[in-house]
Amino acid sequence: MAEVIRARELMRTDFLRIRTEQTLRDAMVALRGTEGEAGMPSALMVVDNDGHYRGVLTARLLIRLLAGGHDDEGEIDDMMLLASARDRLSTQIGDVLVQDIPVVSPDDRLLTLIRRGAPMRLDFVPVVEDGRPVGFAPITAIFQAAAAMALTPEDEGIRFDR
């Protein structure tokens, strides 16, 4: 019988929290501070004043929020984009937070992590218990666990040294 892998076995418990009333500037400073820290996710767990999970803010989402939906390069020049981003830095996180990021509980199985994380193309899945964030399950850990279950010792994969 296959081993049951749960979120608690894959999650990282070292993560940063930020409150909904803090600003996008605060988030940018916090995320920039995680550069170079081994294993530290480039995301912030967003919590309310009571520490309850409200969402997640990733570097990717932050860039989108600061760009303000200006996806077409011809629509706005670089200086206008920079000015627009600077104006948005004082926006409270709670006012722009993406609410529909899926979460898992520590006891959820590997398949649940895959099903919730894959459609959103997340780098990690937030792990929440009793309404409070307790960790992140990185997509790399989810992949490694799935691969370990799917591959047998006889599977060598692609070898480039032959």
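What you see is a predicted model, and the numbers here were worked out from it, not measured in a lab. (Residues numbered from 1 in each chain as written. Predicted model: local features only at pLDDT ≥ 70, side-chain atom pairs only at ≥ 80, totals over all residues. Heavy atoms only, no water.)

## Description of the overall build of the protein
Helix and strand counts for the protein come out as seven helices and five strands. Order of helices (α) and strands (β) in the protein, N terminus to C terminus: α-β-α-β-β-α-α-α-α-β-β-α. Contacts in the protein between residues far apart in sequence, at least 24 positions, make up 65% of those at least 6 positions apart. For the protein, the exposed surface amounts to about 10,300 Å²; the carbon and sulfur share of it is 51%. (Helix = DSSP H or I, 4+ residues; strand = E, 2+ residues; numbered from the N terminus. Contact = heavy atoms within 4.5 Å. Areas by Shrake-Rupley, 256 points an atom, 1.4 Å probe, with all protein chains shown as cover.)

## Observations regarding the sheet that holds strand S3 (residues 53–58)
Taken together, the three strands give an open sheet; going across it, the order is S1-S2-S3, and neighbouring strands pair in mixed fashion. Lying at the two open borders of the sheet, with one neighbouring strand each, are strand S1 (16–19) and S3. Within this sheet the neighbouring strands show an average axis-to-axis angle of 35°, counted without direction. Where strand S2 (residues 43–47) meets S3, five bridges bridge the pair, whose relative direction is antiparallel. (Pairing = 2+ DSSP bridges. Axes fitted to C-alpha atoms, helices over the stretch in contact; angles between N-to-C directions.)

## Some remarks on the pairing of S3
Across the six residues of S3, five count as buried, placing the element largely inside the fold. Counting the residues that bridge the hairpin from S2 to S3 gives five residues, and of these Gly-51 lies at a positive phi of roughly 85°. (Buried < 20%, exposed > 50% of the residue type's maximum accessible area, 1.4 Å probe, protein only.)

## Here we look at the environment of Ile-142
With respect to the helices and strands, the residue Ile-142 is situated in helix H7 (residues 139–150). Sequence separation between Ile-142 and Leu-10 is 132 residues; the distance between their C-alpha atoms is 6.9 Å. Here Ile-142 is in contact with Leu-10, Leu-110, Leu-113, Ile-114, Val-125 and Ala-137, once residues within four sequence places are set aside.

## Description of the confidence of the model for the protein
Confidence along the protein averages 83 in pLDDT terms, with 82% of residues attaining 70 or more. Looking at the elements of the protein, mean pLDDT is at its lowest for helix H4 (residues 78–88), recorded as 80, and at its highest for helix H1 (residues 7–10), recorded as 95. (pLDDT = per-residue confidence, 0-100.)

## Some details on the side chain of Asp-108
Along the chain, Asp-108 falls in the loop between helix H5 (93–96) and helix H6 (110–117). Apart from the residues lying within four places of it in its own chain, the contact partners of Asp-108 are Ile-5, Arg-6, Ala-7, Leu-113 and Arg-116.

## Considering the packing of H6 against H7
Two elements in contact, H6 and H7, have axes separated by 10 Å at closest approach and are oriented at 130°. When the axis of H6 is compared with that of H7, the two are oblique. Taken as a pair, H6 and H7 cross one another with a handedness that is left-handed. Packed against H6, whose contacting residues are Leu-110, Leu-113 and Ile-114, the element H7 presents Ile-142, Ala-145, Ala-146 and Met-149 at the interface. Along the lines of polarity and charge, the residues of the contact of H6 with H7 split into seven nonpolar, no polar and no charged. (Parallel < 35°, antiparallel > 145°, perpendicular 65-115°, else oblique. Left-handed = near helix turned anticlockwise from the far one by under 90°. Nonpolar A, V, L, I, M, F, W, Y, C, P; charged D, E, K, R; others polar.)

## Topic: the pattern of salt bridges
This structure, assessed with the given rule, holds six salt bridges. As a salt-bridge pair, Arg-54 and Asp-48 come within 2.7 Å of each other at their nearest N and O atoms. By relative accessible area, which is 37% here, Arg-54 ends up partly exposed. (Salt bridge = Lys/Arg side-chain N within 4 Å of Asp/Glu carboxyl O.)

## Concerning the environment of Phe-124
Following the sequence through the fold, Phe-124 ends up in strand S4 (residues 124–129). Judged by its relative accessible area of 7%, Phe-124 falls in the buried class. Counting along the chain gives 11 residues from Phe-124 to Gly-135, while the straight-line C-alpha distance between them is 9.7 Å.

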